[in-house]
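Here are the chains, one letter per residue:
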Amino acid sequence: MNRKNILVTGGAGYIGSHTLVELYNSGYKPIVVDNLSNSSLNNITGAEQIIKSKIDFYKVDCTDFEQMNKVFKEKKNIDAVIHFAAFKSVEESVRHPDKYFSNNIRSLETLIDLMNSHNVNNIIFSSSCTVYGTPEFLPVNELAPFGKAESPYGETKQLCEKLIEKSTINSISLRYFNPVGSHPTSLIGDCSADKPNNLVPIICEVASGKRESMQIFGNDYNTIDGTCVRDYIHVVDLAKAHVMAVNHILNNTKIKTAYNLGVGKGVSVQEVIDSFQKVNNLKISYELGPRRSGDVEKIYSDNTKINDELGWFPVMSFESGLESAWNWEKLKN
Ligand code: UFG
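Residues numbered from 1 in each chain as written. Predicted model: local features only at pLDDT ≥ 70, side-chain atom pairs only at ≥ 80, totals over all residues. Heavy atoms only, no water.

1. Notes on the site of the ligand
Here is step 1: Taken together, 19 residues form the shell around the ligand, and within it Asn198, Leu199, Gln215, Arg230 and Asp295 come nearest.
Here is step 2: Within the backbone of Gln215, one N or O atom sits 2.8 Å away from a nitrogen atom of the ligand.
Here is step 3: Between the ligand and Arg292 there is a distance of 2.8 Å, counted from an oxygen atom to a side-chain nitrogen or oxygen.
Here is step 4: If the ligand stood free it would expose 690 Å²; the protein chains cover 89% of that surface.
Here is step 5: Secondary structure elements with two or more residues in the shell around the ligand: helix 7 (199-208) and strand 8 (214-217). (Near = heavy atom within 4 Å. Polar contact = N/O pair within 3.5 Å; in protein donor to acceptor, adjacent residues only side chain to side chain. Areas by Shrake-Rupley, 256 points an atom, 1.4 Å probe, with all protein chains shown as cover. Helix = DSSP H or I, 4+ residues; strand = E, 2+ residues; numbered from the N terminus.)

2. Observations concerning the nonpolar core
Here is step 1: Within the largest apolar cluster, 39 residues are counted, with the highest numbers of intra-cluster contacts made by Ile6, Leu23, Ile124, Ile172, Leu174, Leu261 and Ile306.
Here is step 2: Excluding residues within four positions of it along the chain, Ile6 makes contact with Leu23, Tyr28, Lys29, Pro30, Ile31, Ala80, Ile82 and Val246.
Here is step 3: Core analysis: the second largest hydrophobic core is formed by 24 residues, Met68, Val71, Leu114 and Ile164 among them. (Core = buried A, V, L, I, M, F, W, Y, C linked by side-chain atoms within 4.5 Å. Buried < 20%, exposed > 50% of the residue type's maximum accessible area, 1.4 Å probe, protein only. Contact = heavy atoms within 4.5 Å.)

3. What to know about the pattern of salt bridges
Here is step 1: Applying the stated rule across the entire model yields 12 salt bridges.
Here is step 2: We note a salt bridge from Arg211 to Glu205, for which the minimum N-O separation is 2.9 Å.
Here is step 3: Given the relative accessible area of 21%, Arg211 is considered partly exposed.
Here is step 4: For Glu205, a relative accessible area of 11% translates into the label buried.
Here is step 5: One salt bridge in this structure joins Arg291 and Asp220, with 3.0 Å as the shortest N-O distance. Highlighted residues: Arg291 in the loop between strand 13 (286-289) and helix 10 (304-310) and Asp220 in the loop between strand 8 and strand 9 (229-230), separated in sequence by 71 residues.
Here is step 6: On the accessibility criterion, Arg291 (45% relative accessible area) is partly exposed.
Here is step 7: Given a relative accessible area of 52%, Asp220 falls into the exposed group. (Salt bridge = Lys/Arg side-chain N within 4 Å of Asp/Glu carboxyl O.)

4. Observations regarding the packing of aromatic side chains
Here is step 1: Applying the stated criterion to the full structure yields 3 aromatic pairs.
Here is step 2: Taking the centre distance of 6.1 Å and the plane angle of 45° together, the rings of Tyr232 and Phe318 count as tilted. Residue Tyr232 is found in strand 10 (residues 232-234), and its partner Phe318 is found in helix 11 (residues 318-332); the two are separated by 86 residues along the sequence.
Here is step 3: On the accessibility criterion, Phe318 (19% relative accessible area) is buried.
Here is step 4: For the ring pair Phe276 and Trp326, a centre distance of 6.3 Å and an interplane angle of 70° mean the geometry is edge-to-face. Taken together, the residues span a long stretch of sequence, with Phe276 in helix 9 (residues 269-280) and Trp326 in helix 11 at a distance of 50 residues.
Here is step 5: Given a relative accessible area of 0%, Phe276 falls into the buried group.
Here is step 6: It is Arg291 that lies over the ring of Tyr221; its NZ or CZ is 3.9 Å from the centre.
Here is step 7: Geometry around Tyr259 places Lys305 over its ring, the cationic atom sitting 5.0 Å from the centre. (Phe/Tyr/Trp six-rings, centres within 6.5 Å; stacked < 30°, edge-to-face > 60°. Lys NZ or Arg CZ within 6 Å of the ring centre and 35° of its normal.)

This is how it looks when you write it as structure tokens:
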């Protein structure tokens, strides 16, 4: 089989590793570049076990022009790049904005330079619904303007989308809503070295006893039960959308676009905790706490653009996301 080469930066991370599996299963050859600073080699070996094949891996930092150049030279015919590699903690970005601007922007600039000089014309970029800030209309669609970024992390996503937009490269930015869950095999998952800040990983830590309890950040929002509303998308569905984006960009010329990547359904924090307890048949110790600064009251996607143009629809249930998240947590320990 003559597989097309897809360079995956950050392929040892949470979403990256799930995408490796889906790329391979769809006939592509993923090649990973990752500095392993907040990811794990276990995700590469896990992905290899799932696909029963070796994956080319380079331990390289995307901001390192020389090392990245070597990868492009050695691999010669890269058909497309999926750029996941980035710092991703909203909270850390507020404490260390320089670190976020320098790393997240510099790695993309390096990549674009190299893509231009090696004649690689297609990029899929890992963006976020955070680019919308607090949207004026819900569900939010891609016509909504960039809002005021709630964090330096969010600002880097906006700047990166603009950088890509200005480049001559074909591009698709995928604006993720809230990814949850793990591969059904539990061989790959979120291996971040960072302490988790996201809701479902925190619930998992309470369930495993790693944390005694957790807080719901605010119950006085204008939502169904007063807690914030988000759009939770299973990571396997998210990974599959990347393959569809690659198919699309390779089969068309002059693509410059962005897609929302969410299920299109708003779920409250309270509903997430209730469902987690029900699906996994356990009790979570939690209390009501104050609002967390920077939180948007509610955001969920209008995903009709990606439905219509790429034929992507979510198929994994929210419950299977919560179940697989817990399975991963149990095996991780
Ligand atoms: N939450 C709690 N308690 C916790 C953790 C989270 O109540 O211990 C709440 C948050 O306040 C929020 C919801 O759970 O209302 C979801 O919070 P997450 O941190 O899981 O996710 P966010 O929606 O804040 O952040 C996500 C991504 C970011 C992205 C952002 C854009 O993690 O990468 O969406 O809105 F930038």
